[in-house]
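# Observations on the model geometry
So you can see what is in the structure, the chains are spelled out below.
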Amino acid sequence: MLLIKSSNLLHEYFSEQVIVFDPNTGQTHCLDNNVIEILGQMSTNKSNSLAQLKQFFTQECSNDEKTRINDYIQDMINNLLQLKLIRVHSL
Amino acid sequence: MPKNQTLSSLNTHEISKRLNKDGLVLAVGPFTFCIKSSLPSIVNNVQKIYADFQLLSHDDLIDFYVSIKKTKGIRRFIKPQINFYSDDYSPFLPLPASQAFPLLEWGMNWCIAQHAHHYLLLHSAVLEKNGKSVILPAQSGSGKSTLCALLALNGWRLLSDEMALIDLKSCQLHALARPISLKNESIKVISAQSHNTVFGEIVDDTNKGTISHLKPSTVSVEYVAEPVRPFAIIFPKYQVNQAINVQETDKATAFMSVIENSFNYAVLAEAGFNTVAALIDQVQCHTLTYSSTEEVLAFFEEFAH
């Protein structure tokens with residue numbers, strides 16, 4: 001799956017959460033602040049594969065750790081897709 | 001017109017004449033309203049409640065031309081109704097003539113909320129004491145206006161009962177110092193607080209129940225042009241038989257609550273987000289539940305010192 005980030009997102013970082021404003025939809029979201037790390041690995045004009053993204057965050061992890069991190073990232077990606085902060089890039 | 005002439009310098013006849021003819025021009029915080037109406041209840045309430053407000057003339061730049069007029073036709077005679085107009089536009093359904101002054105107040109709020117997008121507007125009371133300002137955002141029925149009136153009668157400067165005006169760049173709070181709208185039981189509670197309170201007429205059977213407006217203090221109106229730096233946001237809630245409980249609230253939650261209480265966050269878009277972020281960054285954020293007047297006043301007194 002290829003993913004692309006919505007452009008011009010603004011965020012305000014707090015200790016455990018982050019507030020993200022999407023000027024494209026006018027919506028403001030309160031999210032787990034780890035979202036920023038994931039969004040930080042994505043581009044607004046070049047698609048990233050989900051597999052590469054998961055690989056980036058699971059380097060040097062055991063299989064068990066990889067499974068947990070992959071599930072966590074997948075949940076976040078699903079949420080970001082639902083909120084339209086990222087979208088699936090069709091070739 | 002002499003500078004800083006207030007409405008109290010005019011007699012009833014002159015106020016009535018202006019309201020009936022070209023309109024009475026008043027400075028209301030940073031806004032200028034031209035008010036027209038031939039209704040005696042508007043004359044009486046405006047004279048009583050806006051006595052300390054600065055009179056302006058038609059040569060000044062007027063932001064809002066508002067009027068309260070009786071409806072025409074059959075309903076002029078049977079259960080007469082009134083309409084609010086901003087210029088020639090009437091945004092509300094007609095109401096019974098007895099609700100003329102509350103309708104004028106709601107209409108003036110509507111004008112500001114619809115047009116003053118050079119501020120971030122929050123549905124909130126704002127008060128200040130010893131340079132410490134508190135923003136009290138709350139939904140209807142949370143006891144915001146009652147708490148606001150209590151504080152205003154206990155040495156706090158009233159900036160606003162209904163709407164916080166937040167500068168988009170500096171985050172400074174600008175004052176309106178308009179009448180405090182009290183409902184139902186809170187009218188008695190506040191009347192009992194002081195013999196010096198001045199109320200407008202009591203109006204029954206509005207869609208918010210019984211309503212009366214409390215005149216803002218002369219000092220609050222005198223200092224209306226002085227903005228203050230935001231110090232704290234406190235989300236108040238009156239709960240029967242609840243001992244006072246103050247909790248620090250995390251800033252992300254406060255951020256989202258501020259947005260929920262904003263009239264124009266969506267209109268301001270990026271500027272709104274940046275202003276809320278800057279505001280939250282510089283204030284303390286708390287939730288407050290209470291039932292006792294004494295306890296809540298003691299809390300705010302300590303807070304101001």
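Anything mentioned here points back to the structure above.
Right, let's walk through the structure included here.

### Considering the packing of helix α7 (residues 251-260) of chain B against helix α9 (residues 270-282) of chain B
All names here are of chain B. Between α7 and α9, the shortest axis-to-axis distance is 10 Å and the interhelical angle comes to 135 degrees. The angle between α7 and α9 places the two elements in the oblique class. The two elements α7 and α9 cross, and the hand of that crossing is right-handed. Contacts from K251, A254, F255 and V258 in α7 reach F273, V276, A277, I280 and D281 in α9. By residue class, the composition of the contact of α7 with α9 is 7 nonpolar, no polar and 2 charged.

### Describing unusual backbone geometry
A positive phi is found at K84(A), a non-glycine position, where the angle reads about 65 degrees. Along the chain, K84(A) falls in the loop between α3 (63-82) and β6 (86-88). Take K84(A): its relative accessible area is 55%, and that puts it in the exposed class. With a phi angle near 65 degrees, C171(B) is a residue other than glycine that sits in the positive phi range. Looking at the secondary structure, you find C171(B) in the loop between β9 (163-167) and β10 (173-174).

### Let's talk about the packing of aromatic side chains
Centre distance and the angle of the planes are the two values used to describe a pair of aromatic rings. If you walk through the whole model with that rule in mind, you get 17 aromatic pairs over all chains. Considering the side-chain rings of F21(A) and Y265(B), the 6.3 Å spacing of their centres and the 75 degrees angle between planes classify their relative orientation as edge-to-face. Residue F21(A) is found in strand β3 (residues 17-22), and its partner Y265(B) is found in helix α8 (residues 265-268); the two belong to separate chains. A residue is classified by how much of its surface remains accessible, and Y265(B), at 6% relative accessible area, is buried. Consider the rings of F92(B) and W110(B), whose centres lie 6.3 Å apart with planes at 75 degrees: the pair is edge-to-face. Remark: W110(B) occurs in helix α3 (residues 100-115) and F92(B) occurs in the loop between β4 (81-86) and β5 (95-96); sequence separation between them is 18 residues. Here W110(B) falls in the buried class, since its relative accessible area comes to 19%. These aromatic residues form a ring-pair network of at least three members: F14(A), F21(A), F255(B), Y265(B) and F273(B). Sitting above the plane of the Y85(B) ring, K69(B) keeps its charged end 4.9 Å from the centroid.

### Considerations on the pairing of strand β2 (residues 10-13) of chain A
A regular strand places its side chains so that they alternate between the two faces of the sheet. All names here are of chain A. The pairing of β2 with β3 spans 4 bridges and is antiparallel. Within the sheet, the bridge partner assigned to H11 lies in β3 and is V20. Between β2 and β3, which pair antiparallel in sequence order, lie 3 residues.

### Overview of the interface of chain A and chain B
Contacts between the two partners involve 10 residues from chain A, matched on the other side by 13 residues from chain B. Between chain A and chain B, roughly 960 Å² of surface is buried when both sides are summed, and carbon and sulfur atoms account for 79% of that area. Between the two partners, chain A and chain B, sit 0 salt bridges. In this assembly, chain A and chain B are joined by 1 residue pair in polar contact (both at pLDDT 80 or more). Among the elements of the structure, β2, β3 and β4 (27-32) of chain A are those that each provide at least two residues to the side of chain A that touches chain B.

### Remarks on a positive patch on the surface
Residue and element names in this part refer to chain B. A surface patch of like charges, here positive, comprises K36, K69, K70, K72 and R76. Within the element layout of this structure, R76 appears in the loop between β3 (64-70) and β4. Residue classification places R76 among the partly exposed residues on the basis of a relative accessible area of 42%.

### Here's the deal with the pattern of salt bridges
If charged atoms from side chains of opposite charge come close, those side chains can pair. Residue and element names in this part refer to chain B. Here the structure, examined in full by the defined rule, presents 8 salt bridges over all chains. Between D52 and K215 there is a salt bridge, with its nearest N and O atoms 2.5 Å apart. Here the residue D52 occupies a position in the loop between α2 (40-49) and β3, and K215 occupies one in the loop between β13 (209-214) and α6 (218-222), the gap between them amounting to 163 residues. The residue K129 makes a salt bridge to E301 at a minimum N-O spacing of 2.8 Å. In this pair, K129 sits in strand β6 (residues 119-129) while E301 sits in helix α10 (residues 293-303), placing the two residues 172 residues apart along the sequence. In this structure E301 comes out as partly exposed when scored by relative accessible area, which is 30%.

### Re a nonpolar patch on the surface
Side chains of I74(B), F77(B) and I78(B) sit close together on the surface and give an oily, nonpolar patch of about 400 Å² of accessible area. Structurally, F77(B) can be placed in the loop between β3 and β4.

### Structural notes on the packing of helix α1 (residues 12-20) of chain B against α2(B)
Residue and element names in this part refer to chain B. The contact between α1 and α2 brings their axes to 10 Å, and the two run at 120 degrees. By the angle between their axes, α1 is oblique relative to α2. Between α1 and α2 lies a crossing whose hand is right-handed. Contact with α1, carried on its side by T12, I15, S16 and L19, involves I42, V43 and Q47 of α2 and no other residues of that element. Grouping the amino acids of the contact of α1 with α2 by side-chain chemistry returns 4 nonpolar, 3 polar and no charged.

### Notes on the nonpolar core
Residues and elements named next belong to chain B. Counting 74 residues, the largest nonpolar core has F33 and I112 as its most contacted members. Among the elements that take part in this core, α3 stands out by supplying 10 residues, more than any other. Mapping this core onto the domain boundaries places at least three of its residues in each of domain 1 (7-115) and domain 2 (119-303). Here F33 is in contact with L24, V25, L26, V28, I62, F64, V66, M108, C111 and I112, once residues within four sequence places are set aside. Within the second largest apolar cluster, 29 residues are counted, among which are A149, L151, A232 and A304.

Basis of the calculations
The residue numbers shown here count from 1 along each chain, following its written sequence. Chain letters and ligand numbers both follow the written order, the letters beginning at A and the numbers at 1. Restriction of local features to residues with pLDDT of at least 70 applies here, the model being predicted, together with a cutoff of 80 or more for giving and counting side-chain atom pairs; totals for whole chains, interfaces and linings are based on all residues. The side-chain values count all of the structure's non-hydrogen atoms but skip hydrogen atoms and water molecules. In this description, a line fitted to the C-alpha atoms serves as the axis of each element, helices being fitted only across the stretch in contact, and the angle between N-to-C directions of two axes falls anywhere from 0 to 180 degrees. Helix and strand definitions follow DSSP, with helices as H or I runs of at least four residues and strands as E runs of at least two, each counted in order from the N terminus. Should an angle fall under 35 degrees it is taken as roughly parallel, and over 145 as roughly antiparallel, whereas 65 to 115 is taken as roughly perpendicular and any remaining angle as oblique. Crossings are classed by handedness, with left-handed meaning an anticlockwise turn of the near helix from the far one by less than a right angle and right-handed meaning a clockwise turn. Throughout, a contact is declared for two residues whenever any of their heavy atoms are within 4.5 Å. Here the nonpolar group is Ala, Val, Leu, Ile, Met, Phe, Trp, Tyr, Cys and Pro; Asp, Glu, Lys and Arg are the charged ones; every other residue, Gly included, is treated as polar. For every residue, the accessible area (1.4 Å probe, protein chains only) is compared with the maximum for its type, and the residue is labelled buried under 20%, exposed over 50%, or partly exposed between those bounds. Aromatic contacts are taken between Phe, Tyr and Trp rings whose centres are within 6.5 Å, Trp giving its six-membered ring; a plane angle under 30 degrees counts as stacked, one over 60 as edge-to-face, and the others as tilted. In this analysis the charged atom, NZ for Lys or CZ for Arg, is taken to sit over a ring once it is within 6 Å of the ring centre and within 35 degrees of the ring normal. One bridge is not enough; two strands pair if DSSP finds at least two bridges between them. Joining two parts hides part of their accessible area as seen by a 1.4 Å probe, and the buried area is that hidden amount summed over both. Every case where a carboxyl oxygen of Asp or Glu lies within 4 Å of a side-chain nitrogen of Lys or Arg is listed as a salt bridge. N or O atoms closer than or at 3.5 Å make up a polar contact, with two conditions inside protein: a donor-capable atom paired with an acceptor-capable one, and, for residues adjacent in sequence, both atoms drawn from side chains. A patch is a set of surface residues, each over 30% in relative accessible area and not in a salt bridge, joined within 9 Å for like charges and within 5 Å for the nonpolar side chains Val, Leu, Ile, Met, Phe, Trp and Tyr. All accessible-area figures derive from a Shrake-Rupley calculation using a 1.4 Å probe, and residue coverage is judged against the displayed protein chains alone. Positive: Lys, Arg. Negative: Asp, Glu. His and the chain ends are not part of the count. Where a charge lies is defined by one atom per residue type, namely NZ (Lys), CZ (Arg), CG (Asp) and CD (Glu). Buried Ala, Val, Leu, Ile, Met, Phe, Trp, Tyr and Cys residues form a nonpolar core when they are joined through side-chain atoms within 4.5 Å. Domain delimitation in this document rests on an assignment produced automatically or drawn from a domain database.

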